[in-house]
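Here are the chains, one letter per residue:
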Amino acid sequence: MTTKYGLIGCGMMGIEHLRNIALLPEVEVVAIFDPDPDQLAEGMKLSPNASTFNSIGDLLAVQELDAIVIASPNFLHVEQLKEIAARRTLPILCEKPVYTAAGDEVVINRLQRAYQAPIWVAMEYRYMPPIATLIERADEITGGIKMLTMQEHRFPFLSKVGDWNRFNANTGGTLVEKCCHFFDLMRLIMRCEPVRVSASATQFVNHVNERYDGKAPDIWDGGYVMFDFENGARAMLELSMFADGSTWNEEIHAIGPSGKIACRMPGPQRFWPEALGPSPLPELSIYPRSPKRPQTTRIALDAALIDAGDHHGSTYYQHQRFLDMVRGGGEPEVSLEDGKRAVKMGLLAQEAAMTHRVIEF
Ligand SMILES: NC(=O)c1ccc[n+]([C@@H]2O[C@H](COP(=O)([O-])OP(=O)(O)OC[C@H]3O[C@@H](n4cnc5c(N)ncnc54)[C@H](O)[C@@H]3O)[C@@H](O)[C@H]2O)c1
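As a convention, each chain's residues are numbered from 1 in the sequence order in which they are written. With pLDDT at 70 or above as the cut-off, local features in this predicted model cover only qualifying residues; side-chain atom pairs require 80 or more to be listed or tallied, and sums for whole chains, interfaces and linings still use all residues. Only hydrogens and water are set aside; all other atoms, that is, all heavy atoms of the structure, feed into the side-chain values.

**Topic: the nonpolar core**
Here, the term nonpolar core denotes a set of buried Ala, Val, Leu, Ile, Met, Phe, Trp, Tyr and Cys residues that are joined through side-chain atoms within 4.5 Å. Accessible area is worked out with a 1.4 Å probe on protein chains only. A residue is then buried under 20% of its type maximum, exposed over 50%, and partly exposed in between. Ranked by size, the top nonpolar core spans 60 residues in total, and within it Tyr 5, Ile 68 and Val 98 carry the most contacts. Here this core spans two domains, and each of domain 1 (3–124) and domain 2 (125–305 + 334–360) adds at least three residues to it. Those residues in contact with Tyr 5 that sit more than four places away from it in its chain are Ile 21, Val 27, Glu 28, Val 29, Val 30, Ala 31, Leu 65, Ala 67, Val 69, His 319, Phe 322 and Leu 323. One finds Met 128, Ile 145, Met 190 and Ala 352 within the second-largest nonpolar core, a separate group that totals 47 residues. Domain extents, as shown, originate in an automatic or database domain assignment. Every residue pair with non-hydrogen atoms within 4.5 Å of one another is taken to be in contact.

**What about a nonpolar patch on the surface?**
There is a patch of nonpolar side chains on the surface, built from Phe 204, Val 205 and Phe 242 and spanning about 280 Å² of accessible area. Segments assigned H or I by DSSP are reported as helices when at least four residues long, segments assigned E as strands when at least two residues long, and all are numbered from the N terminus. Within the secondary structure, Phe 204 is located in the loop between strand 8 (194–202) and strand 9 (222–229). Overall, Phe 204 belongs to the partly exposed group, its relative accessible area being 46%. Distance thresholds for patches are 9 Å for like charges and 5 Å for nonpolar side chains (Val, Leu, Ile, Met, Phe, Trp, Tyr), applied to residues having over 30% relative accessible area and no salt bridge. Only the protein chains shown count as cover for residues, with accessible areas throughout obtained via the Shrake-Rupley method and a probe of 1.4 Å. A pair is scored as a salt bridge if a Lys or Arg side-chain nitrogen falls within 4 Å of a carboxyl oxygen belonging to Asp or Glu.

**Focus: the packing of aromatic side chains**
Side-chain rings of Phe, Tyr and Trp, where Trp is taken by its six-membered ring, are said to pair if the distance between their centres is within 6.5 Å; with planes under 30 degrees apart they count as stacked, over 60 as edge-to-face, and otherwise as tilted. By the definition in use, this model includes 10 aromatic pairs. Measuring from centroid to centroid gives 5.8 Å for Phe 204 and Phe 242, while their planes differ by 65 degrees, and the two rings are edge-to-face. Pair noted here: Phe 204 is in the loop between strand 8 and strand 9 and Phe 242 is in the loop between strand 10 (234–240) and strand 11 (250–256), with a separation of 38 residues, a long-range link. Any Lys NZ or Arg CZ found within 6 Å of a ring centre and within 35 degrees of that ring's normal is scored as a charge over the ring. One residue, Arg 154, lies across the ring of Phe 155, its end atom 4.1 Å from the ring centre.

**Thoughts on the domain arrangement of the protein**
Split into domains, the protein comes out as domain 1 (3–124) and domain 2 (125–305 + 334–360). Its C-alpha centre places domain 1 at a distance of 25 Å from the equivalent point of domain 2. Every contact between the two is made by 25 residues of domain 1 and, on the other side, 30 residues of domain 2. Of the roughly 2,300 Å² buried between domain 1 and domain 2, counting both surfaces, carbon and sulfur atoms make up 64%. Along the contact surface separating domain 1 from domain 2 lie 2 salt bridges. Residues Glu 105 and Lys 344 are paired through a salt bridge, measuring 3.3 Å at the closest nitrogen-oxygen approach. Side-chain atoms alone can form a polar contact between residues adjacent in sequence; in general such a contact is a pair of N or O atoms within 3.5 Å, and within protein one must be able to donate a hydrogen while the other accepts it. At the surface where domain 1 touches domain 2, the tally comes to 13 residue pairs in polar contact (both at pLDDT 80 or more). Counting residues per element, the ones that place at least two in the side of domain 1 that touches domain 2 are helix 5 (105–114) and strand 6 (119–122). Lys, Arg, Asp and Glu make up the charged group, whereas Ala, Val, Leu, Ile, Met, Phe, Trp, Tyr, Cys and Pro make up the nonpolar group; the residues left over, Gly among them, are polar. Taken together, the residues of the side of domain 1 that touches domain 2 sort by class into 16 nonpolar, 5 polar and 4 charged. Put simply, buried area is how much 1.4 Å-probe accessible surface two parts lose in total, over both of them, once they are put together.

Put into structure tokens, the structure is as follows:
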């Protein structure tokens with residue numbers, strides 16, 4: 001039987017969801033809401049049989065829905081989750097970050113207690129093939145991680161519908177908006193919680209000359225964040241969003257007493273300069289301490305998955321698992337609690353950088 005989805009928000013990421021849902025067997029997007037007519041039209045090109053609505057309330061009245069995907073701007077997620085919870089009890093895949101301001105945490109806590117269907121927070125990075133292997137093999141290769149480093153060297157924030165991503169108030173700040181992915185990975189890879197954070201970050205070069213209704217963007221484009229974890233391990237993130245020329249967009253290195261495991265991912269294929277030929281394949285490397293014989297594996301992806309998005313097939317793999325849950329029941333692999341903890345790490349990192357203080361959780 002066909003599983004029927006509703007989509008809220010049909011911008012860049014909503015379109016990526018539609019492309020990937022279209023690759024799943026017996027799944028149909030039957031309802032779309034986006035207040036922007038141009039974005040709605042883009043969505044309808046991919047799901048021509050879907051109905052469109054003037055409000056989330058109208059979309060929620062569609063009784064045949066089996067699940068909802070939220071891909072609206074960050075600052076809308078909490079209100080939209082509340083609105084859905086007031087009307088329906090359906091599995092939800094909600095884009096990260098699940099909330100953007102410390103005061104929203106109580107609403108998320110209430111939802112955790114009261115909502116009777118699963119809420120899965122979209123953390124696509126978990127499902128990028130080299131990262132998924134690193135998560136699986138990190139303990140075995142390192143003998144227990146002591147140091148975990150993540151580096152993102154990438155292009156600036158893209159333009160968004162209504163330019164919402166230029167301001168901390170809409171995004172939660174860069175360390176929430178962008179970096180909650182990495183903080184989620186840190187908890188998952190370490191299998192442990194952070195206890196303190198220090199950070200230094202700022203708006204170095206990007207967007208400084210832009211103005212929106214006369215207001216200058218305040219979104220940061222780089223910095224360093226360090227966490228101490230409760231088991232004594234340390235983790236660090238280095239972010240630069242003016243490093244478009246890098247071969248690798250993301251690199252992760254996990255090191256322990258018996259060795260190191262690392263992975264490297266290029267940026268989205270569509271941004272790779274044609275003049276440089278095909279972009280490199282993502283890599284996974286293993287460096288045992290003894291004997292010193294490093295191995296590097298290059299990981300090829302199905303062309304259909306590369307075409308369907310900017311995240312190395314991870315949106316598709318996440319949707320496969322989400323669909324299994326919608327059809328078969330069970331718990332979300334990325335829970336509301338996971339989504340909440342990743343935001344909290346981001347918010348405290350923002351605060352640490354703003355106040356030049358080390359912050360205890
Ligand atoms: N997981 C990832 O790797 C990843 C990547 C990109 C974006 N995202 C997340 O996806 C979400 C959307 O980001 P985007 O890049 O698609 O932004 P976008 O600006 O391209 O798209 C947002 C869409 O939401 C629509 N919208 C505005 N108000 C709305 C409302 N009240 N209800 C429903 N829709 C509304 C806009 O018209 C627009 O079409 C954000 O939360 C972002 O953080 C996640």
